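# Close look at the chain arrangement
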Protein chains: 12
Amino acid sequence: MIHGPNLGLLGRREPETYGRRSLEEINAALEEVAAELGAELEILQTNHEGEILDWIETMGNRVDGFLVNPAALTHTSVALRDGLLAVDRPFVEVHLSNPKAREPFRHHSYLADVAHGVVFGFGSESYLLGLRGLCAHLHG
Amino acid sequence: MIHGPNLGLLGRREPETYGRRSLEEINAALEEVAAELGAELEILQTNHEGEILDWIETMGNRVDGFLVNPAALTHTSVALRDGLLAVDRPFVEVHLSNPKAREPFRHHSYLADVAHGVVFGFGSESYLLGLRGLCAHLHG
Amino acid sequence: MIHGPNLGLLGRREPETYGRRSLEEINAALEEVAAELGAELEILQTNHEGEILDWIETMGNRVDGFLVNPAALTHTSVALRDGLLAVDRPFVEVHLSNPKAREPFRHHSYLADVAHGVVFGFGSESYLLGLRGLCAHLHG
Amino acid sequence: MIHGPNLGLLGRREPETYGRRSLEEINAALEEVAAELGAELEILQTNHEGEILDWIETMGNRVDGFLVNPAALTHTSVALRDGLLAVDRPFVEVHLSNPKAREPFRHHSYLADVAHGVVFGFGSESYLLGLRGLCAHLHG
Amino acid sequence: MIHGPNLGLLGRREPETYGRRSLEEINAALEEVAAELGAELEILQTNHEGEILDWIETMGNRVDGFLVNPAALTHTSVALRDGLLAVDRPFVEVHLSNPKAREPFRHHSYLADVAHGVVFGFGSESYLLGLRGLCAHLHG
Amino acid sequence: MIHGPNLGLLGRREPETYGRRSLEEINAALEEVAAELGAELEILQTNHEGEILDWIETMGNRVDGFLVNPAALTHTSVALRDGLLAVDRPFVEVHLSNPKAREPFRHHSYLADVAHGVVFGFGSESYLLGLRGLCAHLHG
Amino acid sequence: MIHGPNLGLLGRREPETYGRRSLEEINAALEEVAAELGAELEILQTNHEGEILDWIETMGNRVDGFLVNPAALTHTSVALRDGLLAVDRPFVEVHLSNPKAREPFRHHSYLADVAHGVVFGFGSESYLLGLRGLCAHLHG
Amino acid sequence: MIHGPNLGLLGRREPETYGRRSLEEINAALEEVAAELGAELEILQTNHEGEILDWIETMGNRVDGFLVNPAALTHTSVALRDGLLAVDRPFVEVHLSNPKAREPFRHHSYLADVAHGVVFGFGSESYLLGLRGLCAHLHG
Amino acid sequence: MIHGPNLGLLGRREPETYGRRSLEEINAALEEVAAELGAELEILQTNHEGEILDWIETMGNRVDGFLVNPAALTHTSVALRDGLLAVDRPFVEVHLSNPKAREPFRHHSYLADVAHGVVFGFGSESYLLGLRGLCAHLHG
Amino acid sequence: MIHGPNLGLLGRREPETYGRRSLEEINAALEEVAAELGAELEILQTNHEGEILDWIETMGNRVDGFLVNPAALTHTSVALRDGLLAVDRPFVEVHLSNPKAREPFRHHSYLADVAHGVVFGFGSESYLLGLRGLCAHLHG
Amino acid sequence: MIHGPNLGLLGRREPETYGRRSLEEINAALEEVAAELGAELEILQTNHEGEILDWIETMGNRVDGFLVNPAALTHTSVALRDGLLAVDRPFVEVHLSNPKAREPFRHHSYLADVAHGVVFGFGSESYLLGLRGLCAHLHG
Amino acid sequence: MIHGPNLGLLGRREPETYGRRSLEEINAALEEVAAELGAELEILQTNHEGEILDWIETMGNRVDGFLVNPAALTHTSVALRDGLLAVDRPFVEVHLSNPKAREPFRHHSYLADVAHGVVFGFGSESYLLGLRGLCAHLHG
């Protein structure tokens, strides 16, 4: 699980858009669903694109897939796209809010066309559905 | 549950894009998840945009929400958008394939920005995730 | 008089946008103005684009002109444009709301450039003004 | 009532586009309809954008609404838009011809999205319909 | 052979654009060429997109190919494209007029890039050339 | 002869772009060529678009044609275009500098497509050539 | 008959796109159909745009119409368009492949909107259909 | 100091956008800062673009720089740009509101790229900051 | 003097657009004006872009400037622009017709921004004005 | 105060664009103005977007507002926009140079529409004006 | 080795852009590097696109690859692209100058996406690097 | 030598696009060519844009030029452009693959127009050619 820039502020940041659950609560819910599905979960949150790329490079051989909330990097980072393609693992893109209902510059994603699947708009439930979708695919 | 144009051919139509499960198999899986979640499901498949609009008008007062695979209407139907807004019920948009990875004219949706949530790219699993997401919201 | 898709819901559908008068009330007001102007009126409301085309084909030789609220078809139907041109009768395009003040995809009309006149933004009064304008032209 | 640039030439100017009625005849017809509706009318025609703005500033507190044929200013004047918004009175935009059937630079209006209503294409009848629509709204 | 919306008016509709032959005369000429080439022909004309889709679904297994004059649907119907792809039969797109010489919105076709061949601009002769081209391909 | 906004500053204003001749010198040279060609010349310079429109309205019946350096109005004034069309006299558009070699917003002219002819880039010589071209046409 | 640049390589050049028939075989088939229709045929193949223009200028008075496969010049040559218009003879544009199914820069043709008719996508059969269509028009 | 069209209504006009201070109060504050900085100030407010141009022409030789709130002319007046360039004096562009946060047609300025500096969004404080910036440059 | 492609047909080619004077008549008139101005003239007409480039390369050191009617090459030839720049001589671009009043693809010129001056729309008079303008510049 | 990427090179880097004052000199001048206004200032300069985001997250609760020179991040960083919005503090955007007078990709800012105010083009004076504007707002 | 239009002027033509080495000097340097690498070189320079196409057709079977400086044809010739693809040999595109740093119409190349490699901006050194790159690939 | 994000994965990452040589092998080949040319080489690979900027700032005074494979930053980083310009050293941009033959968002580079030269498409050979080109320029 990769949480992109500014997600450390969840719960405090624009709650009408991103909901009131903190990152810790979301991570706990994810761990719970992972346990139910018999999956193991590693979690990263960072504001540094470079650290995400390092982590993908390191984790590429150790995990079966990635669950990614790229946050603002969704719309600007070709490097994140390239990094995920480079390690050749399926990944699922998730968003708390519905980016299509927000500013035009949030309508384009550099990840969506190479993602295995995409889930957005359900608030923190998006994470749990994304994890279910990824596991369904991996156990396929 | 609304299945849009050409979905009656599922399983036979371009299986490398839409998968091998028939519409009946998908509907059975949906019924199963609905039962697990304690929800009731009405299902429509039609090639006529007008019939979908009539059905939404009729069902508007009887259901709590809609699960919609608008198929080709995703990209062309302002009428479907207007019809769904008119009855004022939350709906979830689902797709079998990943439209962002296909032709440019499939990248735009007339529904996504007013949908409660959107799920695509997981094959027939998209339907089940969409139904879970819709119920989570309604019971939320 | 042609009422396009979803107008059967008038009065109940998003009243802050479309007003509180029902389709029946609007039709009655239209009949009243028609009587005042010595004109006869045939009225169609349908959610099916195909039925509008059939009706135009049938009525083409019987009427002197058309009053059309194309609703969502305004922005997508080349067929409606072609059908109205095919029978070679003047027509007036009317809208309850002001489409220029709404979403960008409502800013373009496939009918306006071949209409005799256009009236929008006056709520149900738009219909009455459009009828007056059409009759002024036909008696002109 | 505001008549924009070049409308002083009405009746002589490109009659196949703008009709054969002179500005005086149109003003007389407007006065007649105003009388029928119990309304009072002030009329301005000028080729100077600045004079229109001065007049709106002066008349803003004295009138209930504006009827505007902005002519060429429709497509180029943000100042006219700002002036009409500044005095906070409803206004109706009218055109003799159908700008959508003319050159592309006439398809956009800086006023339409903030107008109460819009009427175009009916020749000099457009003025009368616009006045009726404005009064219907004010007497609402 | 599929004739799209408004083609029932052929011979009466804008003859300077679409020619003076009626649909019946065109169908008779098509039957004649089909007989010459030893081919059998089924013919549909309808204003309802849904009926075309139903017919393609039904006829998909019975015919070797389609000859299609999609009329106004050329420019708007993703569903027609999807329907023709779904049954996996070669088809030829024909037009009476030359859409490239008409309004800009007629310059794009949703069918041309997946058609086996395209013929336009020859008036009713376009149908006969299209039929010859389709048969040459099927016997080729 | 109509000189548009800011041309009163000629000779002092950006001489590397507009040359060193003053407006008076250019007018004198124009009078000289007019005399040689047996033509009479009226001259206006103003910074007010409205005054230009008033003048065109007044002069429309008295002159055989207009020579216009619209200056900045070239790119912004639909009213100037409409005024010149309204009086139905041929006109020639001239510029001192080459607008195609300057900022992109100077590449478009609202007058060029309805002008009889256009001359630009020759410095003050552009005026003299434009006058010769206009007279050749009127005497043609 | 005009064959544009690089068509001398037919049969050897990218056969999956352009087919396996050589230019000589296509010309022989054209001669055969011409004989069947009682028409005479002159044929040019050259890689030089200038030679095509010279030839059109020379042949303009001697032929009743042109059959043109402009190849790459389709997308870049305004001069070819001007040359064909200058001699005022109907012409038919043909292509072996379907340019709409290839790179975007092949989607636009400088000839199609002024052609009498267009045929593409049928391989070498396109030539024969084009010739039939042209003769039908000339004898029409 | 140049105040463009409609600014005479400040304090009364859309106060949520433009603030509650009147033009007189802003001018008084400007005089105060000018005094503090040892600068002299001439002030113009007009709704007429032509008057602004006349004034710039007249004042060009008498002042060291201009402070300009071009209001609606920001987005439409090439003549204002040309006039300011013609007299070759540095100028500072100021706005009360933040035009980037308003309608798209307010995002472009014809002055910003040739201004010495730009200040916007601070309400009436924008004027005072702009004056300080201009004086810092002139004394710099 | 360079005459571009298809100009050998002048007088016969679309006379309502290009006028009735033949190329020989235009050349004679040019010689006459050249004699009056004490200038010498070399003339080329060809349909081959390559021959124009060879000629510019050869003549570059022998002439003081070029008068060019690039015809269709105006809109497509970067090579002509490069050739004229390479020999570093001033040139004037002329057109018989007004390209701004014709199809959109004729609105852009690859030469205009690097030309000394441009003249168009005066029919064959354009050539004579262009020659005068070029000589005025060279003797200037 | 946040200084974005490459600003550590100020004074040495392209002095004709960015001026000759070093970052230390600018910071000293800022401290001086802050003292005059009774404000306290924290300063960050870094080439790492992630460090800026961390700092905003940390400082969000401790400061009343931000003064930001986002440098190159202005045009590319959605994350910086999101970070500043997340902590819900007013901020002012400043630039040394005038980005509107530079390359087109510098004309768009991801911050300007959500900034309290914007100041650019005054060289290092921009910082001081921005600080005054921010304090005026906070004390406002 | 193919040298496109206007390259015969090298050394004399705009030396600040294209350098001071003549075509003969560049060819000699190329022969030298070819000898070092054990490769044989044929060289063509012409201003005629048609001659380049003829030459490619002729040389297609005799050479292992092409080194091409297409000059102005880079931006306009689909025929050159088609010709190089038709003979199915790898080719390398080279430019003396950096087209990305010049006018926007030089930013697009019709060859780059189908070239084996591209080298530009190194002056005459670009040729030598391109030849090394081509040989490395062929011997690869 | 600067290697941008994700290049640490070379040899393992999408080898059909990026080739099978590892970064170590490429660096060794670079050292070899540098030795041949009598040049010294410093090498950086990092996934952090900020580290690249720090390094450029530090190395700016110590090196004669930069060889840069910006990888994904090519298309998104204005900061990298600014950093390279700030230290005022010539740099060469290289790519293993041909970005013009890939997704549209890879067609634009923020570096190419300010690079001394660009080399792409030759696989790891691109680096060696780029180094030769840079040294030729520095010793030139």
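This report concerns the structure included in the present document. In this text the structure is predicted, and so the values were computed from the model without any measurement.

Thresholds, definitions, all that
- Residues numbered from 1 in each chain as written.
- Chains lettered and ligands numbered in written order.
- Predicted model: local features only at pLDDT ≥ 70, side-chain atom pairs only at ≥ 80, totals over all residues.
- Heavy atoms only, no water.
- Buried < 20%, exposed > 50% of the residue type's maximum accessible area, 1.4 Å probe, protein only.
- Helix = DSSP H or I, 4+ residues; strand = E, 2+ residues; numbered from the N terminus.
- Contact = heavy atoms within 4.5 Å.
- Polar contact = N/O pair within 3.5 Å; in protein donor to acceptor, adjacent residues only side chain to side chain.
- Pairing = 2+ DSSP bridges.
- Right-handed = clockwise from strand over helix to strand, strands pointing away.
- Buried area = accessible area lost by both parts, 1.4 Å probe.
- Salt bridge = Lys/Arg side-chain N within 4 Å of Asp/Glu carboxyl O.
- Nonpolar A, V, L, I, M, F, W, Y, C, P; charged D, E, K, R; others polar.
- Least-squares fit on C-alpha atoms with pLDDT ≥ 70 in both.
- Phe/Tyr/Trp six-rings, centres within 6.5 Å; stacked < 30°, edge-to-face > 60°.
- Patch = residues over 30% accessible without salt bridge, like charges linked within 9 Å, V, L, I, M, F, W, Y side chains within 5 Å.
- Areas by Shrake-Rupley, 256 points an atom, 1.4 Å probe, with all protein chains shown as cover.
- Lys, Arg positive; Asp, Glu negative; His and termini not counted.
- Charge placed at Lys NZ, Arg CZ, Asp CG, Glu CD.
- Axes fitted to C-alpha atoms, helices over the stretch in contact; angles between N-to-C directions.
- Parallel < 35°, antiparallel > 145°, perpendicular 65-115°, else oblique.
- Left-handed = near helix turned anticlockwise from the far one by under 90°.
- 1 Å grid on protein atoms, 1.4 Å probe; cavity = no way out; pocket = protein on both sides within 12 Å on 5 of 7 lines; lining within 4 Å.
- Points joined across faces, edges and corners; volume = space filled by probe spheres on them.

## Notes on helix H3 (residues 49–59) of chain B
By the burial criterion, the buried members of H3(B) are B:Gly50, B:Ile52, B:Leu53, B:Trp55, B:Ile56 and B:Met59. For H3(B), the elements touching its buried residues are strand E1 (2–3), strand E2 (44–45), strand E3 (66–69) and helix H4 (78–87) of chain B.

## Some remarks on the side chain of I:Ser77
Residue and element names in this part refer to chain I. By the secondary structure assignment, Ser77 is in the loop between strand E3 (66–69) and helix H4 (78–86). A distance of 2.9 Å separates the side chain of Ser77 from the backbone nitrogen of Leu80, its partner in a polar contact. Apart from residues lying up to four places away in sequence, Ser77 is in contact with Glu49 and Tyr110.

## Quick word on the pairing of strand E3 (residues 66–69) of chain G
Residue and element names in this part refer to chain G. Residues Phe66 and Val68 point to one face of E3 and Leu67 and Asn69 to the other, with burial holding for every one of them. Where strand E1 (residues 2–3) meets E3, 2 bridges bridge the pair, whose relative direction is parallel. Paired with His3 across the bridge in E3 is Asn69. Two elements, E3 and strand E4 (residues 91–95), share 3 bridges in a ladder whose sense is parallel. Within the sheet, the bridge partner assigned to Leu67 lies in E4 and is Val92. Crossover E3 to E4 through helix H4 (residues 78–86) is right-handed.

## Quick notes on the interface of chain B and chain C
With 14 residues of chain B in contact, the opposing surface of chain C contributes 14 residues. Interface area, chain B with chain C, both sides summed: about 1,300 Å², of which 55% is carbon and sulfur. At the boundary of chain B with chain C, the tally comes to 2 salt bridges. The partner of C:Glu103 in a salt bridge is B:Arg81, and the shortest N-O contact between them spans 3.1 Å. Sorting the residues of the side of chain B that touches chain C by element identifies H3 and H4 of chain B as the ones contributing at least two each. The dominant element in the side of chain B that touches chain C, judged by the number of residues it contributes, is H4(B), at 7 residues. Counted by class, the side of chain B that touches chain C contains 6 nonpolar, 3 polar and 5 charged residues.

## Observations regarding the arrangement of the chains
With respect to C-alpha atoms, chain B approaches chain H no nearer than 20 Å, and the pair has no contact. Taking C-alpha atoms as the reference, chain H and chain L come no closer than 20 Å and do not contact one another.

## Quick notes on the relation of the copies chain C and chain D
Once chain C has been moved 0.0 Å along the axis and rotated by 180 degrees, it coincides with chain D to within an RMSD of 0.0 Å. Expressed as a symmetry operation, the mapping of one chain copy onto the other fits a two-fold axis. Judged by C-alpha distance, C:Val119 is the residue of chain C that lies nearest the rotation axis, at 2.3 Å. The overlap is high: 100% of the interface residues of chain C also sit at the interface in chain D, so the same surface is used on both sides.

## Points about the packing of aromatic side chains
Within the structure shown, the criterion is met by 12 aromatic pairs over all chains. Taking the centre distance of 5.1 Å and the plane angle of 75 degrees together, the rings of D:Tyr110 and H:Phe105 count as edge-to-face. Of this pair, D:Tyr110 sits in the loop between strand E4 (91–95) and strand E5 (117–120) while H:Phe105 sits in the loop between strand E4 (91–95) and strand E5 (117–120), on two different chains.

## Structural notes on the interface of chain C and chain D
The partner chain D presents 20 residues to the 20 residues of chain C that form the contact. Where chain C abuts chain D, roughly 1,600 Å² becomes buried across the two surfaces, and 65% of that area is made up of carbon and sulfur atoms. At the boundary of chain C and chain D, one finds 0 salt bridges. Counting the contacts that link chain C with chain D gives 6 residue pairs in polar contact (both at pLDDT 80 or more).

## As for a negative patch on the surface
A cluster of acidic residues, A:Glu51, A:Asp54, J:Glu51, J:Asp54, L:Glu51 and L:Asp54, forms a negative patch on the protein surface. Counting residues per element, the ones that place at least two in the negative patch are helix H3 (49–59) of chain A, helix H3 (49–59) of chain J together with helix H3 (49–59) of chain L. Locating A:Asp54 in the fold gives a position in helix H3. For A:Asp54, a relative accessible area of 30% translates into the label partly exposed.

## What about the sheet that holds strand E5 (residues 117–120) of chain A?
Spatially, E2(A)-E1(A)-E3(A)-E4(A)-E5(A)-E5(B)-E4(B)-E3(B)-E1(B)-E2(B) is the arrangement adopted by the 10 strands of the open sheet, whose pairing is mixed. Unpaired on one side and paired on the other, strand E2 (44–45) of chain A together with E2 of chain B mark the two borders of the sheet.

## Points about the relation of the copies chain B and chain C
Least-squares fitting of chain B to chain C yields an RMSD of 0.1 Å, with the superposition described by an axial translation of 0.1 Å and a rotation of 120 degrees. Here the copies are linked by what is in effect a three-fold axis. Judged by C-alpha distance, B:Thr76 is the residue of chain B that lies nearest the rotation axis, at 4.1 Å. Residue by residue, only 7% of the interface of chain B is reproduced at the interface of chain C, so the copies engage with different surfaces.

## Notes on the packing of helix H2 (residues 23–36) of chain E against helix H5 (residues 125–139) of chain E
All names here are of chain E. It is the contact of H2 with H5, at a shortest axis distance of 10 Å, that shows an interaxial angle of 25 degrees. Looking at the two axes, H2 sits roughly parallel to H5. As H2 packs across H5, the resulting crossing turns out to be right-handed. Of the residues in H5, those touching H2 at Ile26, Ala29, Leu30, Val33, Ala34 and Glu36 are Tyr127, Leu128, Leu131 and Arg132. Looking at the contact of H2 with H5 residue by residue, the classes come out as 8 nonpolar, no polar and 2 charged.

## What to know about the layout of surface pockets
What the largest pocket holds in volume is close to 820 Å³. Taken together, 35 residues make up the lining of the largest pocket; nearest its centre are K:Lys100, K:His107, K:His108, L:Lys100 and L:His107. Its residues placed into classes, the lining of the largest pocket shows 13 nonpolar, 9 polar and 13 charged.

## Comments concerning the pattern of salt bridges
Enumeration over the complete set of coordinates arrives at 60 salt bridges over all chains. The salt bridge partner of K:Arg132 is K:Glu36, with a shortest N-O separation of 3.4 Å. With a gap of 96 residues between them, K:Arg132 in helix H5 (residues 125–139) and K:Glu36 in helix H2 (residues 23–36) connect regions that are remote in the sequence. For K:Glu36, a relative accessible area of 54% translates into the label exposed. Each of A:Arg81, A:Asp82, A:Asp113, L:Glu103 and L:Arg106 takes part in one network of salt bridges that share partners.

Limitation: the analysis is restricted to geometry and does not speak to function.
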